[in-house]
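# Residue-level structural notes
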Amino acid sequence: MGLDNVAVQWPRTGRFYDPVAPAEFVDFEAMADSSPTMPGPAAALADHIAKTGTVRATGYSELVDLLLGLGSVLYATDASAEDEDPVLDPDQCAWVAGGLERFLAGHRDHGEEVTFESVGAVMRKALEGTRLAEQQLRWLDGRLDALRDESGEPPQWSFTLTELTVLSAFYRRCADRGFAVYADF
């Protein structure tokens, strides 16, 4: 099945979270329709968000975790570890969107295709010259190595900047309108 990130009303009223009406995301369909050259996965993501107010987040979780420096961000495991519902509140949605937006801005020089190698290059460049850069670069190298399989092969990520822009826009919309995101597995 996998992980879905569902936009929900914040805070909850009662026992359950109320899903946000897909009408709040209807303009995402225009993203897909506005560009005939939009990559297929980006158009499919925009269309799915427009119809459901949901992101199928499983495929993005490793990348988001790497970019934000934590584990299981989209699974909202920090909340569930504290006996809370697995929810990203609006501030956490803004944090996810901001991390993606900064990455996207840094990746523009590397082209439209986002690969394991290009992610590493963007992150290295962002860390160079910062305070504690050497320590942070060692941390990054450890994280990148941990993502490789037993034979040392990197994950076969196949994203585009456009697709990640749509993903970021989902979390930004939730943050800006005061929605939360419920991690539904």
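Above this text sits the structure in question.
Computed from a predicted model, the values in this text were never measured in an experiment.

### A short note on the sheet that holds strand S3 (residues 87–88)
Spatial ordering of the open sheet is given by S2-S1-S6-S3, a layout of 4 strands whose pairing is antiparallel. Looking along the sheet, the strands with just one partner apiece sit at the ends: strand S2 (54–56) and S3. Relative to strand S6 (residues 179–184), strand S1 (residues 4–9) runs antiparallel, the two being bridged by 6 bridges. Residue Asp 4 lies in a different strand from S6, and its bridge partner there is Asp 184. Packed on one face of the sheet, helix H8 (residues 161–177) meets S1, S2, S3 and S6 and runs near 130 degrees to S6.

### Quick word on unusual backbone geometry
In this model, Trp 10 is joined to Pro 11 through a cis peptide bond whose omega is -10 degrees. Note on placement: Pro 11 falls in the loop between S1 and helix H1 (27–34). Its identity as a non-glycine residue notwithstanding, Ala 76 has a phi of 55 degrees, on the positive side. Along the chain, Ala 76 falls in the loop between helix H3 (61–68) and helix H4 (77–81). Phi at Leu 132 takes a positive value of approximately 65 degrees, unusual for a residue other than glycine. One can find Leu 132 in the loop between helix H6 (116–127) and helix H7 (133–147).

### Thoughts on the nonpolar core
With 51 residues, the main nonpolar core has Leu 74, Phe 170 and Tyr 171 as its most contacted residues. Contributing elements (two or more residues each) for this core: H1, helix H2 (40–52), H3, helix H5 (90–107), H6, H7, H8 and S6. Top element by residues in this core is H8. It accounts for 8 residues. Within the second largest apolar cluster, 5 residues are counted, among which are Val 6, Val 8, Tyr 17 and Val 87.

### Structural notes on the packing of H3 against H5
With their axes 10 Å apart at the nearest point, H3 and H5 run at an angle of 85 degrees to one another. Here H5 runs roughly perpendicular to H3, going by the angle between their axes. In contact with Val 64, Leu 67 and Leu 68 of H3, H5 contributes Trp 95, Val 96, Gly 99, Leu 100 and Phe 103. Here the residues of the contact of H3 with H5 sort into 7 nonpolar, 1 polar and no charged.

### Details of the layout of surface pockets
One number sums up the size of the largest pocket: a volume of about 300 Å³. Around the largest pocket, the lining is made up of 15 residues, and of these Leu 67, Arg 102, Phe 103, Met 123 and Ala 126 lie nearest the centre. Contributing elements (two or more residues each) for the lining of the largest pocket: H3, H5, H6 and H7. Split into classes, the residues belonging to the lining of the largest pocket amount to 9 nonpolar, 4 polar and 2 charged.

### Brief notes about the packing of aromatic side chains
Taken as a whole and assessed by the stated rule, the structure comprises 10 aromatic pairs. Centroid distance Phe 25 to Phe 28: 5.8 Å. Interplanar angle 65 degrees. Geometry classified as edge-to-face. For Phe 25, a relative accessible area of 0% gives the class buried. Every member of this aromatic cluster is reached through a ring pair, and the members are Phe 25, Phe 28, Phe 170, Tyr 171 and Phe 179.

### Things to note about the environment of Gly 71
Its place among the elements puts Gly 71 in the loop between H3 and H4. Here the alpha-carbon distance between Gly 71 and Leu 161, two residues 90 residues apart in the chain, equals 22 Å.

### Some points on the pattern of salt bridges
Pairing between side chains of opposite charge can happen when their charged atoms approach one another. Within the structure shown, the criterion is met by 8 salt bridges. Here Glu 24 makes a salt bridge to Arg 177, at a shortest N to O gap of 2.7 Å. Separated by 153 residues along the polypeptide, Glu 24 in the loop between S1 and H1 and Arg 177 in helix H8 bring together distant segments of the chain. Residue classification places Glu 24 among the partly exposed positions, given a relative accessible area of 31%. Classification of Arg 177 as partly exposed rests on a relative accessible area of 44%. With a closest N to O distance of 3.1 Å, Glu 134 and Arg 138 form a salt bridge. Highlighted residues: Glu 134 and Arg 138, both in helix H7, separated by 4 residues, approximately one helical turn. The exposure class of Glu 134 is exposed, given its relative accessible area of 60%.

What counts and what doesn't
- What you see as residue numbers is a count from 1 along each chain, following the sequence as written.
- Confidence filtering applies because this is a predicted model: local features only for residues at pLDDT of at least 70, side-chain atom pairs given and counted only at 80 or more, and all residues used for totals across whole chains, interfaces and linings.
- Each side-chain value is worked out from all heavy atoms of the structure, with water and hydrogens disregarded.
- When DSSP locates at least two bridges between a pair of strands, those strands are taken to pair.
- Strands here mean DSSP runs of E at least two residues long; helices mean DSSP runs of H or I at least four residues long; both are numbered from the N terminus.
- Residues are treated as being in contact if the distance between any of their heavy atoms lies within 4.5 Å.
- Interaxial angles span 0 to 180 degrees and are taken between N-to-C directions of axes, which are lines fitted to C-alpha atoms, for helices over the stretch in contact.
- Remark: nonpolar core denotes a set of buried residues (Ala, Val, Leu, Ile, Met, Phe, Trp, Tyr, Cys) joined through side-chain atoms within 4.5 Å.
- Working definition: with a 1.4 Å probe on protein chains only, accessible area under 20% of the residue-type maximum means buried, over 50% means exposed, and in between means partly exposed.
- Note on angle classes: values under 35 degrees are labelled roughly parallel, values over 145 roughly antiparallel, values of 65 to 115 roughly perpendicular, and the remainder oblique.
- When residue character is reported, Ala, Val, Leu, Ile, Met, Phe, Trp, Tyr, Cys and Pro are called nonpolar, Asp, Glu, Lys and Arg charged, and the others, Gly included, polar.
- Site definitions follow a grid-based scheme: protein atoms alone, a 1 Å grid, a 1.4 Å probe that fits but cannot get out for cavities, and for pockets an open set with protein on both sides within 12 Å along at least five of seven lines, plus lining residues having an atom within 4 Å of a point.
- Grid points are joined across faces, edges and corners, and a volume is the space filled by probe spheres set on the points.
- By convention, a stacked pair of Phe, Tyr or Trp rings (six-membered ring in the case of Trp) has centres within 6.5 Å and planes under 30 degrees apart, an edge-to-face pair has planes over 60 apart, and any other such pair is tilted.
- Note on definitions: salt bridges are taken to be side-chain nitrogens of Lys or Arg within 4 Å of carboxyl oxygens of Asp or Glu.

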